[in-house]
Amino acid sequence: MFSSQKSKSVVRHLCSITACLALFLSTAQAAEYEYIWNPPTPADCTQIEPGVGFGRAGVLTNVVSSFNDVTNIFVWTATFEPCNGKLPDGYWNVINNGPNPKGHSGELAILYFDASDLANPQVTAYAYNGQNGTISYKDGVRNDDIPGVPGQPGNQTPDRIASSISGDTSWVHEISATDNGKTRTLHLKIDATGIINHVPLYPDPEPPYDPWYGLGYDHVIGFWFHPSYGTQTSYCSETTGKRVVVPTTCSDVADGQTSAGYLQDYRYTTQGWYDLGNRPTNDVPYCQYTLQGNGQQTMPKDCIELAIGESFSGSITGIDTDDDSLFVSYSGQPTGAVINPTIPLGDVLKMASPAEVSLDWTPSIGDAGSNYSFDVFYTDPNGATKACSIPLCVPENDAPTCDIELTTDNVICQGDITTLEFDASGSTDPDGDDLTYEWSTTCLDSQGNPETITILNGGQQAQLSLTQPGLGNVVDCEMIVTVTDEFNQSSTCSTPVHVEGCDIDTDCTGTPGGNATVDLCGVCNGNNECLDCFNVPFGDASVDQCGVCGGDGTSCLECESTEIVESQFQLDQGAKKQEAIIDYHVKLIKGINKKQGPKLSAWLADVQFQAHELQNSNWVLSWQLPNIIDSCANTELCVTVSNTPILETYKVQSLELLDLGKKVVKKWYQKKKRKLKKLGKLTSKKLKQLKKKRRKLRKTHKNQHDVNMAVLETVPTEFSSCTE
């Protein structure tokens, strides 16, 4: 029924170029077809427009489609205006290269475009069952398939081909649904290879049993295109239908297929239709190349690689099979390239088809490291454009590799003039460029000028004449060469030069007949700077702050020292004893009753916490005092430091511990008295005994505080701090 598709061979890459060899790429070209349709605007979008369609779901204003029969890339872009406020949010579409596809079961694919979620449109592909309805993705029962059952759609297992939701979704290159405020555009670009190569579950059942075509078109196109408004869809998942008893769309799956990601249901509020066949298409121009080169052995995949100074010639020919003229423009030409014909930038030239544009170019050093794409655009009278490119790249010019060698075998003083020879002929350039050589040296004569260099063999060798060894001087220096290629890229290398002086009587500076001597420090012409204050070379003795060589800096301080470690221990222990007394009296309170209320428990815990914090602080203060108190008469090197802040703080915190103890004793007295009264045991004798014990408990706190204060009196209130 439909004409066979054309050959699918195509030129994928530009061929390699060799010296003075022209390769004409005459390989069969891919045929690319374009279909553009701008339907006339109907007078009433709710009525059928003969030869156009039915636009109730939105008026179709433009279709732009293309199909490449080698890459199988299919594009369908449809734009709509509202019909009574309605714009399509989905469609189904069947495409072929002949008449209206409706009714051709077993031959074609049907695409369902779902834009019910405009931000996330989906597309699925099925074998078209030939029926006229929204369930054409379900293969139908035909007449005589089941004896006595008339043909009807949607009762056979759906023949599922591809989905943008699950499985391999790489076949969908572009999909979108966009509004511009007035119109809506539904756009789809897919690789139809899998659709075209599909083997249908239900081939054409009627003679002459046309083979599977799938999707595409050539010089003509036919389509069964139905936009829908108010589209509602649901899709099968991996778990859909597992518990159903009666087979459903999701649970009814052919061998080797899956229902996951395919339509379970497709419904709509309103639909339109555009059912047309044998509509002429436009052949898109294609390109052929003729390339010439110099020294290029292989053609890289991404570009033609040219060395600096390597000439290149090439041409691109645009061919259109259904038009005799093309509109031509180009861009991306390298600086200095000669283009024929010359077209001013931004202009277009009308040329007869085939239309050839040639480029001749020789890259310079300024092009090193650059990539160019010379792009020629061929547009036919119908607006179909083909962009054809020659990619060119110029590698960076690599710097040469420098090599230098001292070729004199026996390097010794040769008298007044010592001659050494050097060779740089081992230097190379990775680009094969010619090299120039520039020699220099750090070897200086007695006047501070560079020693003499003689250039040999065009600069590849050099000779160095030294005068210093003849004066008895040792020579340590370098011979240097810089190699430079034709494009001013350079590399520098050097080799050391060492020549002992001739045997001449010299002083320690090496001066023949000189009178310089070595001092006690072993320094030639030195001034004995390494002697210490005992005149010992490199000794470590020095004069201290008291002016004593090797002294410890204390002989002039006139200090008297007092050790207070015992007092520090007593202060430390005194604070701990205050805390222990408080803890003991807390236990007395807790022993009055087996259980304490939450308020009393919190108060006792807070008392113990405060006692521990104060004890810990006085413990730290005890040891912040110096263990040895110095009192020095020297007021220039020593200053007086006061201990009073530490002592006063300790005293205040000891008083706070005393106050806490009094509060605990008071609380004990109150609780004990209340307990005796409650038990009816608070006699005058018992009360007298209770008050006596209270005085005793208070006294333990007072006595320990007095001991702490007595120890504080033994600690000097200041000490001397002296610099060393």
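On the surface, Lys672, Lys673, Lys677, Lys681, Lys685, Lys686, Lys688, Lys691, Lys692, Lys693, Arg695 and Lys696 cluster together into a patch of positive charge. Secondary-structure elements contributing two or more residues to the positive patch are helix H4 (644–679) and helix H5 (684–712). Per-element accounting of the positive patch gives the leading share, 8 residues, to H5. Along the chain, the position of Lys685 falls in helix H5. Residue Lys685 is classed as exposed on the basis of its relative accessible area, which comes to 60%.

Glancing now at the packing of helix H2 (residues 565–592) against H5. For any two helices packed against each other, one specifies the inter-axial angle together with the distance between the axes. Remark: H2 packs on H5, axes separated minimally by 9 Å, with the N-to-C direction vectors making an angle of 170°. Judged on the interaxial angle alone, H5 and H2 are roughly antiparallel. For the pair H2 and H5, contact is made by Ser567, Gln570, Leu571, Gly574, Ala575, Lys577, Gln578, Ile581, Ile582, His585 and Leu588 and by Leu697, Thr700, His701, Gln704, His705, Asn708, Val711 and Leu712, respectively. In terms of residue class, the contact of H2 with H5 is built from 8 nonpolar, 10 polar and 1 charged.

This next bit is on a nonpolar patch on the surface. On the surface, a nonpolar cluster with roughly 350 Å² of combined accessible area is contributed by Phe569, Trp619, Val620 and Trp623. Among the elements that take part in the nonpolar patch, helix H3 (residues 598–624) stands out by supplying 3 residues, more than any other.

Applying the stated criterion to the full structure yields 10 disulfides. Here Cys287 is linked by a disulfide to Cys388, with a sulfur-sulfur distance of 1.3 Å. In this pair, Cys287 is assigned in strand E17 (residues 286–292) and Cys388 in strand E25 (residues 385–394), connecting sequence segments 101 residues apart. For the pair shown, Cys287 and Cys388 are each scored as buried. Covalently, Cys443 is tied to Cys477 through a disulfide, its sulfur atoms 1.8 Å apart. Because the sign of the S-S torsion sets the handedness, a value of about 80° for the bond joining Cys443 and Cys477 places this disulfide among the right-handed ones. Residue Cys443 is found in the loop between strand E28 (436–441) and strand E29 (452–456), and its partner Cys477 is found in strand E31 (residues 475–484); the two are separated by 34 residues along the sequence. In this structure, Cys443 and Cys477 share a single accessibility class: buried.

Residue placement: Thr157 occurs in the loop between strand E7 (122–127) and strand E8 (160–163). Here the side chain of Thr157 touches Asp252 through a polar contact of 2.7 Å, side chain to side chain.

Attention now goes to the sheet that holds strand E24 (residues 370–379). Hydrogen bonds between backbone atoms are what pair the strands of a sheet, whose relative direction is either parallel or antiparallel. One open sheet holds the 5 strands; their spatial order is E18-E25-E24-E20-E22, and the pairing between them is mixed. Because the sheet does not close on itself, it has two edges, and the strands there are strand E18 (304–305) and strand E22 (349–352). In this sheet, E22 lies alongside strand E20 (residues 325–331) in antiparallel orientation, the contact comprising 4 bridges. Pairing of Ser325 across the sheet is with Ala352, part of E22.

Read from one edge of the open sheet, 6 strands run E9-E10-E4-E3-E2-E16, paired in antiparallel fashion. The open sheet has two edge strands with one neighbour each: strand E9 (172–179) and strand E16 (282–283). As judged from the 7 bridges shared by E9 and strand E10 (residues 184–191), these two strands associate in the antiparallel manner. The residue bridging Ala177 from the neighbouring strand is Leu186, located in E10.

One side chain can pair with another of opposite charge once the charged atoms of both are near each other. Counted under the stated rule, the structure contains 6 salt bridges. Of the charged contacts, one joins Asp275 and Lys102 as a salt bridge, the two residues approaching to 3.6 Å between their closest N and O atoms. Of this pair, Asp275 sits in strand E15 (residues 274–280) while Lys102 sits in the loop between strand E5 (90–96) and strand E6 (109–114), placing them 173 residues apart in sequence. On the basis of relative accessibility, which here comes to 35%, the residue Lys102 falls in the partly exposed class. In this structure, Asp659 and Lys663 form a salt bridge, with 3.5 Å as the shortest nitrogen-oxygen distance. Here Asp659 pairs with Lys663, and both are found in helix H4, just 4 residues apart, close to one helical turn.

The side chains of a regular strand alternate between the sheet's two faces. In this structure, E18 lies alongside E25, joined through 2 bridges in parallel fashion. Of the residues in E25, the one forming a bridge with Glu305 is Cys393. Relative to E25, E24 is paired through 10 bridges, and the arrangement is antiparallel. Following the sheet pairing, Tyr372 is matched in E25 by Leu392. Taken together, E24 and the strand that follows it, E25, pair antiparallel across an intervening segment of 5 residues, in which Gly383 is found at a positive phi of about 95°.

A separate point is the environment of Ala541. Along the chain, Ala541 falls in the loop between strand E32 (490–499) and strand E33 (559–563). When the C-alpha positions of Ala541 and Gly551 are compared, they lie 8.7 Å apart, and in sequence the two are 10 residues distant. Residues within four places of Ala541 in sequence aside, it is in contact with Asp532, Cys533, Phe534 and Cys549.

The next point concerns unusual backbone geometry. For the bond running from Asn340 to Pro341, omega is 0°, close enough to zero to count as cis. Within the secondary structure layout, Pro341 lies in the loop between strand E21 (338–340) and E22. Residue Pro354 follows Ser353 across a cis peptide bond; omega there is 0°. Assignment of secondary structure puts Pro354 in the loop between E22 and strand E23 (355–361). The backbone phi angle of Tyr209 is positive, close to 55°, even though this residue is not glycine. On the secondary structure map, Tyr209 appears in the loop between helix H1 (193–196) and strand E11 (220–229).

Bringing the nonpolar core into the picture now. Formed by 41 residues in total, the largest nonpolar core has its most connected members in Trp37, Phe74, Trp76, Ile190, Ile195, Phe223 and Phe225. With 4 residues, strand E4 (residues 73–81) is the largest single contributor of residues to this core. Beyond its immediate chain neighbours, meaning those up to four positions away, Trp37 contacts Gly51, Val52, Leu60, Thr61, Asn62, Val63, Phe223, Tyr274, Leu276 and Arg279. Phe312, Tyr330, Ala368 and Phe374 belong to the second largest nonpolar core, which has 27 residues in total.

This part covers empty space enclosed by the protein. One pass over the full model with this rule turns up 2 cavities of 30 Å³ or more. Of the volumes computed, that of the largest cavity is approximately 60 Å³. Lining the largest cavity are 13 residues, and of these Pro42, Val52, Gly53, Gly55 and Tyr274 sit closest to its centre. Looking at the lining of the largest cavity residue by residue, the class counts come to 9 nonpolar, 3 polar and 1 charged.

Our focus in this paragraph is the confidence of the model for the chain. Taken over all residues, the pLDDT of the chain has a mean of 85, while the share at 70 or more is 90%. Least confident of the elements in the chain is strand E1 (residues 23–24), whose mean pLDDT is 34; most confident is E10, at 98. Taken as a whole, residues 3–28 scores under 50 in pLDDT and shows 77 contacts with residues more than four places along the chain or in a different chain. Confidence drops under pLDDT 50 across residues 294–299; counting only partners more than four residues distant or on other chains, this segment forms 18 contacts.

Rules used in this analysis
- Residues numbered from 1 in each chain as written.
- Predicted model: local features only at pLDDT ≥ 70, side-chain atom pairs only at ≥ 80, totals over all residues.
- Heavy atoms only, no water.
- Patch = residues over 30% accessible without salt bridge, like charges linked within 9 Å, V, L, I, M, F, W, Y side chains within 5 Å.
- Areas by Shrake-Rupley, 256 points an atom, 1.4 Å probe, with all protein chains shown as cover.
- Salt bridge = Lys/Arg side-chain N within 4 Å of Asp/Glu carboxyl O.
- Lys, Arg positive; Asp, Glu negative; His and termini not counted.
- Charge placed at Lys NZ, Arg CZ, Asp CG, Glu CD.
- Helix = DSSP H or I, 4+ residues; strand = E, 2+ residues; numbered from the N terminus.
- Buried < 20%, exposed > 50% of the residue type's maximum accessible area, 1.4 Å probe, protein only.
- Axes fitted to C-alpha atoms, helices over the stretch in contact; angles between N-to-C directions.
- Parallel < 35°, antiparallel > 145°, perpendicular 65-115°, else oblique.
- Contact = heavy atoms within 4.5 Å.
- Nonpolar A, V, L, I, M, F, W, Y, C, P; charged D, E, K, R; others polar.
- Disulfide = S-S within 2.5 Å.
- Polar contact = N/O pair within 3.5 Å; in protein donor to acceptor, adjacent residues only side chain to side chain.
- Pairing = 2+ DSSP bridges.
- Core = buried A, V, L, I, M, F, W, Y, C linked by side-chain atoms within 4.5 Å.
- 1 Å grid on protein atoms, 1.4 Å probe; cavity = no way out; pocket = protein on both sides within 12 Å on 5 of 7 lines; lining within 4 Å.
- Points joined across faces, edges and corners; volume = space filled by probe spheres on them.
- pLDDT = per-residue confidence, 0-100.

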